Amino acid sequence: MWMEAIRVAAVGFSVVFLGLIMLAVGVKIMSFFCNLGKNRAKKAAAKAN
Amino acid sequence: MDLFSTVIAKTGFVSLTWGHVVMWLIGLFFMYLAIKKDFEPLLLVPIGFSIFLVNMPLAPLTGKGELIQLFYHYGLEWEVIPCLIFLGIGALTDFGPMIANPKTLILGASAQLGVYVAYFGAIMLGFTVKEAASIGIIGGADGPTTIYLTQALAPQILGATAVAAYSYMSMVPLIQPPIMRLLTTDKERRIRMKQMRPVSKTEKIMFPLVATVLICLLVPPVAPLMGLLMLGNLFRETRVVGRLLDASQNALLNIVTIFLGLSVGSTMQASNFLKPAPLFIFFLGLVAFAFSTVGGVVFAKIMNLFLKEKINPLIGSAGVSAVPMAARVSQKVGQEYDAKNHLLMHAMGPNVAGVIGTAIAAGMFLTMLR
């Protein structure tokens, strides 16, 4: 039982960290593209003016 | 005379035991905490009253097909209530601070330490692995996730875990500050953090979609919880579904909270509650909360060893879910040492990350143990 318990905890805690690191990276990438789009739209608007 | 004795026999007085009276006192204690001390009154009033009510002998409330049993069956056993609560939480939560500073997501992970400490503690005390997982998740300070996991893995201890989770959530302002002070220096408590960048509307709308994809692919068993959390947040951020947002934040959340309180309280009947196991669960819940706080604060200190712009370790404690109370505690403790230090928005990052972290921890337990 202890072996199973340790395995569950080790894998579980690692995946919690991995999942939130993945989410942090995902958020960074998302923000990058959102800001890229925003800047392009700003530039296009400036050109049009 | 016969009729008289029959009537007497059918009253609750004859069937009343000391166990019922003890449970009444416990119910009254919960109501006292809510009414007098203002600890999570929205939950502790219905939970406390439900404990009181279901311990009325012979009352037709919790038998098959009876009123509170129906709430319990369709709400908790079918796992509808925790998911609807998450819809409301999503509709109330601003993920902006976390999007502005994604590093804080890591604090939400480290604050799950208590989940695993209590998990091992429970196994040492003789609980099965499935029960231990359900007890450990109390350390995530997330009531709906605790109910969701316990119902799936160890429904026999649902009452104790749910009540422990909600009780300790309401006691965050009492449990966390001493630990935060113990683990930080005066200088660390005074660290001021840079103002966060503004987060665009597009980022806020995209976040629930990105988070749903990543989390549901990584841990599919928590898709119902995470899906509704993110749907609620999408309602909030799109600003085109005002009526749905209003319903999720207010009417629906309030109705579901009543059913939740009654259902959780109904599991605390004298016959199954006055045993050593629930006392151990309450003790382990406290251990879980304490170690989750330790995990968040210590990891924030470790992060400071590598970061150019230091973070105030007090925000680490907000990595336990308990939104937004844990973030408010970080702010309050920080302001005791520097009245002009505003940590609330910085602490909201790890706070909402903690909700996601606890859901992932629960998802992993479900993946490996169900």
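Refer to the structure presented above.
Residues numbered from 1 in each chain as written. Chains lettered and ligands numbered in written order. Predicted model: local features only at pLDDT ≥ 70, side-chain atom pairs only at ≥ 80, totals over all residues. Heavy atoms only, no water.

Draft legend 1. A look at the pattern of salt bridges. All names here are of chain B. Within the structure shown, the criterion is met by nine salt bridges over all chains. For arginine 192, the salt bridge goes to aspartate 338, with nearest N and O atoms at 2.9 Å. Residue arginine 192 is located in the loop between helix H14 (186-189) and helix H15 (201-218), and its partner aspartate 338 is located in the loop between helix H20 (325-337) and helix H21 (344-369); the two are separated by 146 residues in the primary sequence. A salt bridge links glutamate 237 to arginine 236; the nearest nitrogen and oxygen atoms lie 3.3 Å apart. (Salt bridge = Lys/Arg side-chain N within 4 Å of Asp/Glu carboxyl O. Helix = DSSP H or I, 4+ residues; strand = E, 2+ residues; numbered from the N terminus.)

Draft legend 2. Just the environment of glycine 75 of chain B, in detail. Residues and elements named next belong to chain B. Structurally, glycine 75 is set in helix H5 (residues 67-77). Note: C-alpha distance between glycine 75 and methionine 98 (23 residues apart in sequence) is 31 Å. Other than its neighbours up to four places away in sequence, glycine 75 contacts Leu70, Val80, Ile81 and Pro82. (Contact = heavy atoms within 4.5 Å.)

Draft legend 3. Quick peek at the interface of chain A and chain B. In this complex, chain A contributes 27 residues to the contact, which on the side of chain B involves 37 residues. Between chain A and chain B lies a buried interface of about 2800 Å² when both sides are counted; carbon and sulfur atoms form 88% of it. At the boundary of chain A with chain B, the tally comes to zero salt bridges. The tally of links from chain A across to chain B stands at four residue pairs in polar contact (both at pLDDT 80 or more). Residue classes in the side of chain A that touches chain B are distributed as 19 nonpolar, five polar and three charged. (Buried area = accessible area lost by both parts, 1.4 Å probe. Polar contact = N/O pair within 3.5 Å; in protein donor to acceptor, adjacent residues only side chain to side chain. Nonpolar A, V, L, I, M, F, W, Y, C, P; charged D, E, K, R; others polar.)

Draft legend 4. Inspection of the nonpolar core at higher detail. Membership of the largest hydrophobic core comes to 121 residues, with the highest contact counts inside it found for Tyr119, Phe207 and Phe365 of chain B. Looking at this core, the element that brings in the most residues is H21 of chain B, giving 15 residues. Not counting the four nearest positions on each side in its chain, tyrosine 119 of chain B is found in contact with Glu4, Ala5, Val8 and Ala9 of chain A together with Val129, Ala132, Ala133, Gly136 and Phe365 of chain B. (Core = buried A, V, L, I, M, F, W, Y, C linked by side-chain atoms within 4.5 Å. Buried < 20%, exposed > 50% of the residue type's maximum accessible area, 1.4 Å probe, protein only.)

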